[in-house]
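Letter by letter, the chains look like this.
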Amino acid sequence: MMDKSKNQEITLAQLQESVDRWIKTIGVRYFSPLTNMAILTEETGEVARIMARKHGDQSFKPGEDASKLADELADIIWVVAAIANQEGIDLTDAFMNNLAKKTIRDKDRHRNNPKLSDTDN
């Protein structure tokens, strides 16, 4: 079975709308903001678990593997979109403002960081 989602693109606005529509039709209603924050923390922990085993010193337990990383990252994106929807935040605007902030603040910071000059990474 071919995964059609690999050929699709989605904007942040479309992402937020898709999450909102799914929650209101299939998910019944939004969880409370505090519950969503706890879920975001849980999902972040699941990403950390995979990354620690894939790139760190721990090994995977039987039944665990790195192939679930994409799904766990998607879970994080989902919950972030839900929280943004609940809080009335336009993620496109928020992201563009954040990118501009980082560009101004870090214009030379990373370029001048000797820790980042190592090209072996």
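Turning to a nonpolar patch on the surface, a few remarks are in order. On the surface, Leu 12, Phe 95, Met 96 and Leu 99 cluster together into a nonpolar patch covering about 370 Å² of accessible area. If one sorts the elements of the nonpolar patch by residue count, helix α4 (residues 91–105) sits on top with three residues. Along the chain, Leu 99 turns up in helix α4.

Here we take up the packing of helix α1 (residues 12–25) against α4. Interhelical geometry of α1 versus α4 gives an angle of 140° and a closest axis separation of 8 Å. By the angle between their axes, α1 is oblique relative to α4. Residues Leu 12, Ala 13 and Gln 16 of α1 form the contact with α4, whose own contacting residues are Leu 91, Thr 92 and Phe 95. Its residues assigned to classes, the contact of α1 with α4 comprises four nonpolar, two polar and no charged.

So, on to the nonpolar core. Ranked by size, the top nonpolar core spans eight residues in total: Leu 15, Val 19, Ile 23, Tyr 30, Ala 81, Ala 82, Ala 84 and Leu 91. Looking at this core, the elements that each hand over two or more residues are α1 and α3 (69–87). The contact partners of Ile 23, leaving out residues within four places of it in the chain, are Val 28, Arg 29, Tyr 30, Trp 78 and Ala 82. Core analysis: the next-biggest nonpolar cluster, separate from the first, contains seven residues, Leu 40, Leu 69, Ile 76 and Val 79 among them.

Parameters at a glance
- Residues numbered from 1 in each chain as written.
- Predicted model: local features only at pLDDT ≥ 70, side-chain atom pairs only at ≥ 80, totals over all residues.
- Heavy atoms only, no water.
- Patch = residues over 30% accessible without salt bridge, like charges linked within 9 Å, V, L, I, M, F, W, Y side chains within 5 Å.
- Areas by Shrake-Rupley, 256 points an atom, 1.4 Å probe, with all protein chains shown as cover.
- Salt bridge = Lys/Arg side-chain N within 4 Å of Asp/Glu carboxyl O.
- Helix = DSSP H or I, 4+ residues; strand = E, 2+ residues; numbered from the N terminus.
- Axes fitted to C-alpha atoms, helices over the stretch in contact; angles between N-to-C directions.
- Parallel < 35°, antiparallel > 145°, perpendicular 65-115°, else oblique.
- Contact = heavy atoms within 4.5 Å.
- Nonpolar A, V, L, I, M, F, W, Y, C, P; charged D, E, K, R; others polar.
- Core = buried A, V, L, I, M, F, W, Y, C linked by side-chain atoms within 4.5 Å.
- Buried < 20%, exposed > 50% of the residue type's maximum accessible area, 1.4 Å probe, protein only.

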